[in-house]
Amino acid sequence: MKKKSSRKNAKFIFVTGGVLSSLGKGIAAASMGSILESAGLKITLMKLDPYINVDPGTMSPFQHGEVFVTDDGAETDLDLGHYERFTKASMRRQNNITSGRIFNDVIQKERRGEYLGATVQVIPHITDEIKKHILNLASGNDVVICEIGGTVGDIESLPFLEAIRQLRFEIKPNNLLYVHLTLVPYMEASDELKTKPTQHSVQKLREIGIQPDILLCRTQRKLNKEIKRKISMFSNVEEAAVIPAMDVKSIYQVPSSLQKEGLSRVLQRKLGLPVVDPDLGVWDKINETVDNPKGEVTIGVVGKYLGLKDSYKSLVEALTHGGIHNQVKVNLNWVDSETLEQASEKGLQTLKKCDGVLVPGGFGERGIEGKILAVNYARLNKVPYFGICLGMHCAVIEFARGVGKLDRANSAEFSKKSPHLIIDLMSDQDEKGDKGGTMRLGEYPCVIRKNSFAYRAYGNREVHERHRHRYEFNNKYRLQLEEAGLKISGISPNGNLVEIVELEDHPWFLAGQFHPEFKSSPREPHPLFHNFIAATMKYRSSNDKP
Ligand code: GLN
């Protein structure tokens, strides 16, 4: 029988990034996780974020991209979404730690007198707190992969780097690895790949006292032997551990691409693990479908955080997963809800080219009437509609106005004056209290009604989905709207909360109070995304589009 991994024999891989941000550290860490897991190891991942917010929950999606919600209701960095999509590891609150949380905990301990007599300092108090969080993840896992946010050279991430430097002396030599992701840019004018940014980035890391064991070199062109040798010599990393991370078409090709460059062997050798070839067959199959779709569909996504595509990261991925399992390419037509509101005809023209309409989650009044207009278009024209959280609020408001004869129906989030607050604050939500971490967050059960789009998709009477919202369907209007034809196909087990609404006389109209996108992965697409894409394919073929 396999020995249960304990904290003592767990291996740690620390992933840092250099040169510039957005090199794909999260995907690299997740891919490493996937490679090691496919070689039979039990892995987990964590992200250390250097900002002072206790969690990203209060940040604008423009600032930070999507806030990823875990089963236990933590609002976390979007990289945790990659970790769950690439591996079987399940993320929780302890898998994302920010400087804010560390400082907050240390200050609270100081107030409680836990350091009585001491001057509380970054070293050792802050670094000890960081190390405690990292080491806590070891139990039950063979390997902990820990990604450090930011770029080497940032002032902010220094305490994290110092903490992982110290761990070199607290963890057995074979049990700890530093992996550094850098960039090897290609200069068009001189037709060469440049190694200097990598050299400087490694120098910066060594100044802090960290000598990387493996370099992942993000590059557009193949790295020849000579370049690898040069990087190896200047950075003091053995040549076999200079691994090219080539640009690829889909993020799901990264594990196989890194594997082809020999990453698993280097990782296993350096960690003193038996060298086992990972079985990446699932990924190869997924990538084959991505490369050879049998058709395509176009989805109109009506949102307002369009400047930064990362704002809808999990959503985009979940739509892609739905496409993979229906063997079609999913094109996204981003429709700005404010533009739709102001110049509705132009926006509607864009929607008319789509095979399905999706209104995702969001906050605040801006652009809301544009979203409601999009629902109206989908309802009247029998275009498949998928509403997510705010997209459900819009669907219910539109139905109440258009069918339920409540023409001033609204949500308390947008209009306090409306005589019909179809969507309202939940009784336990207090508008004046703290904003951080106070919404309905995390996984909740939902009972599904038979004979519904939801039941056909899930094939199950009870499902569990992740939530992140303050407002809910107002039960005062439940009967009235049901009588007008709104179908309530998902409710909380005690019957108090409406979780899914549908329209019957429609090819596919479903809106849920939760965020199914957080639970979708390329290996297991979320059933609602799977069925929504299938409905859009039907719509497309019935409209005779090739
Ligand atoms: N703004 C809405 C609420 O707080 C919806 C949130 C969301 O779409 N995630 O209830």
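Here's what I pulled together on the structure shown here. (Residues numbered from 1 in each chain as written. Predicted model: local features only at pLDDT ≥ 70, side-chain atom pairs only at ≥ 80, totals over all residues. Heavy atoms only, no water.)

### So, the overall build of the protein chain
Inference 1: A count of helices and strands for the protein chain gives 19 helices and 23 strands.
Inference 2: The C-alpha radius of gyration computed for the protein chain amounts to 25 Å, which stays within 12% of the reference 24 Å derived for 546 residues, consistent with globular compactness.
Inference 3: Viewed in the frame of its principal axes, the protein chain has a C-alpha envelope of about 75 × 65 × 55 Å.
Inference 4: Counting every position in the protein chain, which comprises 546 residues, the buried fraction comes to 58%.
Inference 5: When contacts within the protein chain are restricted to residue pairs at least 6 apart in sequence, long-range pairs at least 24 apart make up 73% of them.
Inference 6: Counting every atom, the protein chain has about 23400 Å² of accessible surface; 50% of that belongs to carbon and sulfur. (Helix = DSSP H or I, 4+ residues; strand = E, 2+ residues; numbered from the N terminus. Rg over C-alpha atoms; globule rule 2.2 N^0.38 Å. Buried < 20%, exposed > 50% of the residue type's maximum accessible area, 1.4 Å probe, protein only. Contact = heavy atoms within 4.5 Å. Areas by Shrake-Rupley, 256 points an atom, 1.4 Å probe, with all protein chains shown as cover.)

### Thoughts on the sheet that holds strand E17 (residues 420–425)
Inference 1: Taken together, three strands build an open sheet; the order of strands is E16-E17-E20 and the sheet is mixed. Edge positions in the sheet fall to strand E16 (409–411) and strand E20 (471–473), since each of these pairs with one other strand and no more. Direction aside, the axes of adjacent strands within the sheet are offset by 30 degrees on average.
Inference 2: By the bridge criterion, three bridges tie E16 to E17 in an arrangement that is parallel. Within E17, the residue paired with Ala 409 across the bridge is His 420.
Inference 3: Contacting E16, E17 and E20, helix H16 (residues 390–402) runs over the sheet at an angle of about 165 degrees to E16. (Pairing = 2+ DSSP bridges. Axes fitted to C-alpha atoms, helices over the stretch in contact; angles between N-to-C directions.)

### What to know about the packing of aromatic side chains
Pairs of aromatic rings are described using the distance from one ring centre to the other and the angle between the two planes.
Inference 1: Going through the model one piece at a time under the given rule, you end up with 13 aromatic pairs.
Inference 2: Aromatic pair Phe 12 and Phe 14: ring centres 6.2 Å apart, planes at 10 degrees, arrangement stacked. Each of the two residues, Phe 12 as well as Phe 14, counts as buried.
Inference 3: Aromatic side chains Phe 453 and Trp 508 sit 6.0 Å apart centroid to centroid with 40 degrees between the ring planes, which places their arrangement in the tilted category. Separated by 55 residues along the polypeptide, Phe 453 in helix H17 (residues 453–458) and Trp 508 in the loop between strand E22 (498–503) and strand E23 (509–512) bring together distant segments of the chain. Taken individually, Phe 453 and Trp 508 each receive the classification buried, so the pair is uniform in this respect.
Inference 4: Pairwise contacts between aromatic rings join Phe 386, Phe 453, Trp 508, Phe 529 and Phe 532 into one cluster. (Phe/Tyr/Trp six-rings, centres within 6.5 Å; stacked < 30°, edge-to-face > 60°.)

### So, the site of the ligand
Inference 1: Around the ligand, the structure places Gly 361, Gly 362, Phe 363, Cys 389, Leu 390, His 393, Glu 413, Arg 468, His 469, Arg 470, Tyr 471 and His 515.
Inference 2: Backbone polar atom of Arg 468 to a nitrogen atom of the ligand: 2.9 Å apart, as the coordinates give it.
Inference 3: Here Arg 470 contributes a backbone N or O atom positioned 3.0 Å from an oxygen atom of the ligand.
Inference 4: Protein chains shield 98% of the accessible area of the ligand, which is 290 Å² for the free molecule.
Inference 5: Only H16 and strand E19 (462–469) provide two or more residues apiece to the shell around the ligand.
Inference 6: Split by residue class, the shell around the ligand holds four nonpolar, five polar and three charged. (Near = heavy atom within 4 Å. Polar contact = N/O pair within 3.5 Å; in protein donor to acceptor, adjacent residues only side chain to side chain. Nonpolar A, V, L, I, M, F, W, Y, C, P; charged D, E, K, R; others polar.)

### Things to note about the environment of Leu 406
Inference 1: Looking at where Leu 406 falls in the secondary structure, it is placed in the loop between H16 and E16.
Inference 2: Excluding residues within four positions of it along the chain, Leu 406 makes contact with Ala 400, Arg 401, His 420, Ile 422, Tyr 477, Gln 480 and Leu 481.

### Quick notes on the environment of Thr 219
Inference 1: For Thr 219, the location among the structural elements is in strand E10 (residues 214–219).
Inference 2: Considering only alpha carbons, one finds Thr 219 and Leu 41, 178 residues apart in sequence, at a separation of 29 Å.
Inference 3: Excluding anything up to four places from it in sequence, Thr 219 contacts Val 184, Leu 193, Pro 244, Ala 245, Met 246 and Asp 247.

### So, the pairing of strand E12 (residues 295–303)
Inference 1: Counting buried positions over the nine residues of E12 gives seven, a clear majority of the element.
Inference 2: The pairing of E12 with strand E13 (residues 328–336) spans nine bridges and is classified as parallel. Note that in E13 the partner of Gly 295 across the bridge is Val 328.
Inference 3: Across three bridges, E12 lies against strand E14 (residues 356–359) in parallel orientation. Within E14, the residue paired with Val 301 across the bridge is Leu 358.

### Looking at the packing of helix H5 (residues 122–136) against helix H6 (residues 158–167)
Inference 1: Where H5 meets H6, the axes come as close as 9 Å, and the angle between the chain directions of the two elements is 70 degrees. It follows from the interaxial angle that H5 and H6 lie roughly perpendicular. Along its contact with H5, which presents Val 122, Ile 123, Ile 126, Thr 127, Ile 130, Lys 131, Ile 134 and Leu 135, the element H6 presents Pro 159, Phe 160, Glu 162, Ala 163, Ile 164, Gln 166 and Leu 167.
Inference 2: In terms of residue class, the contact of H5 with H6 is made up of eleven nonpolar, two polar and two charged. (Parallel < 35°, antiparallel > 145°, perpendicular 65-115°, else oblique.)

### Thoughts on helix H10 (residues 263–270)
Inference 1: Burial within H10 is extensive, with six of its eight residues counted as buried.
Inference 2: Listing the buried residues of H10 in full gives Leu 263, Ser 264, Val 266, Leu 267, Gln 268 and Lys 270.

### Looking at the sheet that holds strand E6 (residues 143–148)
Inference 1: Pairing in this open sheet of seven strands is parallel, and the strands run E5-E2-E6-E1-E7-E10-E11 from one edge to the other. The outermost strands of the open sheet, each flanked by one partner alone, are strand E5 (96–98) and strand E11 (242–246). If you compare each strand with its neighbour and ignore which way they point, the axes differ by 20 degrees on average.
Inference 2: Contacting strand E1 (11–17), strand E2 (43–49), E6, strand E7 (176–183) and E10, helix H1 (residues 25–38) crosses the sheet at an angle of about 175 degrees to E6.
Inference 3: Contacting E2 and E5, helix H4 (residues 99–112) runs over the sheet at an angle of about 70 degrees to E5.

### Comments concerning the pattern of salt bridges
Inference 1: Under the definition given, this model contains 36 salt bridges.
Inference 2: Between Asp 72 and Arg 92 there is a salt bridge, with the nearest N and O atoms lying 3.8 Å from each other. Taken together, the residues span a long stretch of sequence, with Asp 72 in the loop between strand E3 (68–69) and strand E4 (75–76) and Arg 92 in the loop between helix H3 (79–86) and E5 at a distance of 20 residues.
Inference 3: Across the pair Asp 247 and Arg 218 runs a salt bridge, and its minimum N-O distance is 2.9 Å. You can see Asp 247 sitting in the loop between E11 and helix H9 (254–260) and its partner Arg 218 sitting in strand E10, a full 29 residues away along the chain.
Inference 4: The exposure class of Asp 247 is partly exposed, given its relative accessible area of 39%.
Inference 5: Here the salt bridges share partners, and the residues they tie into one network are Lys 47, Asp 49, Asp 77, Asp 79 and Glu 147. (Salt bridge = Lys/Arg side-chain N within 4 Å of Asp/Glu carboxyl O.)

### Describing the environment of Phe 529
Inference 1: Note that Phe 529 resides in helix H19 (residues 527–542).
Inference 2: Take Phe 529: its relative accessible area is 0%, and that puts it in the buried class.
Inference 3: Put simply, Phe 529 and Thr 320 are 209 residues apart on the chain and 8.9 Å apart in space, counted from C-alpha to C-alpha.
Inference 4: Discounting chain neighbours no more than four positions away, the residues touching Phe 529 are Leu 315, Ala 318, Leu 319, Gly 322, Leu 358, Phe 386, Ile 388, Pro 516 and Glu 517.

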